[in-house]
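A structural walkthrough
Listed here are the chains, written in short residue letters.
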Amino acid sequence: MEKQLLFVCLGNICRSPAAEGVMRDMLRRKGIEGVTVDSAGTYGGHSGDLPDPRMRAAAARRGYNLTHRARMIREEDFEKFDMIIVMDDMNYETVHRLAPSRKDAERIFRMVEFCRHHPDRTYVPDPYYEGVEGFELVLDLLEDACEGIAEHLQREE
């Protein structure tokens with residue numbers, strides 16, 4: 001299977017790099033090969049930065065090592081990635097406007113579309129201004145959705 005996944009949030013320092021780390025780990029554990037995973041943000045103010053230390057700490061407690069360096073999403077990402085998975089409606093609208101064509105826009109998904117255990121959630125909240133609980137909630141949602149994405153990828157094989 002050859003698939004390329006791009007996770008997108010606002011600054012690419014909390015939700016999307018965590019999704020990237022969770023997805024990489026899940027693919028490894030499930031033995032799913034040939035899937036490239038990356039992340040980006042719709043805002044470039046953190047470009048080059050490691051993920052937020054609070055997210056790295058929360059992720060590390062669950063066994064994830066987040067080493068991604070923040071970057072902004074680019075139009076050429078639509079050529080490279082099969083699925084562009086966004087964290088909330090603001091990200092969805094921004095990424096949708098960047099899509100070079102309607103066909104390219106069909107590759108944009110909301111992360112919560114893949115959640116199986118949190119059907120009431122309409123977005124992955126930004127934990128940046130939250131306490132520890134906010135980061136834990138985000139990781140709960142990302143683990144659920146990444147499990148759903150893994151199942152989706154396995155069905156497409």
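To be clear, the structure that these remarks concern was listed above.
Every chain is numbered on its own, with residues counted from 1 as its sequence reads. pLDDT decides what is reported in this predicted model: residues at 70 or higher carry local features, side-chain atom pairs at 80 or more are listed and counted, and totals for whole chains, interfaces and linings draw on all residues regardless. Excluding hydrogens and water, the side-chain figures rest on all heavy atoms present in the structure.

**Notes on the packing of helix α2 (residues 53–61) against helix α6 (residues 132–156)**
Put simply, the rule reads: Only the contacting stretch of a helix is used when fitting its axis, a line to C-alpha atoms as for every element, and angles between N-to-C directions run 0 to 180 degrees. A run of H or I in DSSP becomes a helix once it reaches four residues, and a run of E becomes a strand once it reaches two; helices and strands are each numbered from the N terminus. If an angle is under 35 degrees, it is roughly parallel; if it is over 145, roughly antiparallel; if it lies from 65 to 115, roughly perpendicular; otherwise it is oblique. Crossing handedness is read from the near helix: turned anticlockwise from the far helix by less than a right angle, it gives a left-handed crossing, and turned clockwise, a right-handed one. Throughout, a contact is declared for two residues whenever any of their heavy atoms are within 4.5 Å.
Contact geometry of α2 with α6 gives a least axis separation of 10 Å together with a crossing angle of 55°. Taken together, the axes of α2 and α6 lie oblique to each other. As for the relative orientation of α2 and α6, their crossing is right-handed in sense. Across the interface between the two elements, R54, M55, A58, A59 and R61 of α2 pack against V132, F135, E136, V138 and L139 of α6.

**Considering the nonpolar core**
The condition is simple: Throughout, nonpolar core names a set of buried Ala, Val, Leu, Ile, Met, Phe, Trp, Tyr and Cys residues whose side chains join them through atoms within 4.5 Å. Only protein chains enter the calculation, and the probe is 1.4 Å; a residue is then buried if its accessible area is under 20% of its type maximum, exposed if over 50%, and partly exposed in between.
Counting 38 residues, the largest nonpolar core has F7, M23, M111 and I149 as the members making the most contacts within it. Sorting the residues of this core by element identifies β1 (3–9), α1 (15–30), β2 (35–41), α2, β3 (83–86) and α6 as the ones contributing at least two each. Excluding residues that lie within four positions of it along the chain, M23 makes contacts with L5, F7, V37, C146, I149 and A150.

**Some points on the packing of aromatic side chains**
Within a pair of aromatic rings, the relevant descriptors are the distance that separates the centres and the angle that separates the planes. Using the following cut-off: Each Phe, Tyr or Trp ring, with Trp reduced to its six-membered ring, pairs with another whose centre is within 6.5 Å; inter-plane angles below 30 degrees give stacked pairs, above 60 give edge-to-face pairs, and intermediate values give tilted ones. Either the NZ atom of lysine or the CZ atom of arginine qualifies as a charge over a ring when it sits within 6 Å of the ring centre and within 35 degrees of the ring normal.
Counting across every chain of the model gives 2 aromatic pairs. Between Y128 and Y129, the aromatic rings sit 4.8 Å apart at their centres with planes inclined by 85°, giving edge-to-face as the arrangement. Look at Y128 and you get partly exposed, because its relative accessible area is 28%. Directly above the aromatic system of Y92 lies the positively charged group of R110, at a separation of 3.7 Å from the ring centroid.

**Examining the sheet that holds strand β4 (residues 108–110)**
This is how the line gets drawn: By this definition, two strands are paired if DSSP reports at least two bridges between them.
With parallel pairing, the 4 strands of this open sheet are ordered in space as β2-β1-β3-β4. Looking at which strands have only one partner, the edges of the open sheet turn out to be β2 and β4. Going from strand to strand, the sheet's axes swing by 25° on average, the running direction of each strand aside. Across 3 bridges, β3 lies against β4 in parallel orientation. Bridge pairing in β4 places I84 opposite I108. Sheet strands in contact with helix α4 (residues 89–98) are β1, β3 and β4, and its direction is about 175° off that of β4. Docked against the sheet, α6 engages β1, β2 and β3, running at close to 155° with respect to β1.

**Topic: α4**
Under the convention used in this document: Directions pointing from the helix axis toward each C-beta atom define the arc. Nitrogen and oxygen atoms within 3.5 Å of one another constitute a polar contact, given that in protein one can donate a hydrogen and the other can accept it, and given that sequence-neighbouring residues count only through two side-chain atoms.
Listed as buried for α4 are N91, Y92 and V95. Along the axis of α4, the buried residues cluster in a sector spanning 100°; they form a single face. Buried-residue contacts for α4 involve β1, α1, α3 (77–80), β3 and β4. For α4, the N-terminal cap is D88; the gap from its side-chain oxygen to the backbone nitrogen of M90 is 3.1 Å.

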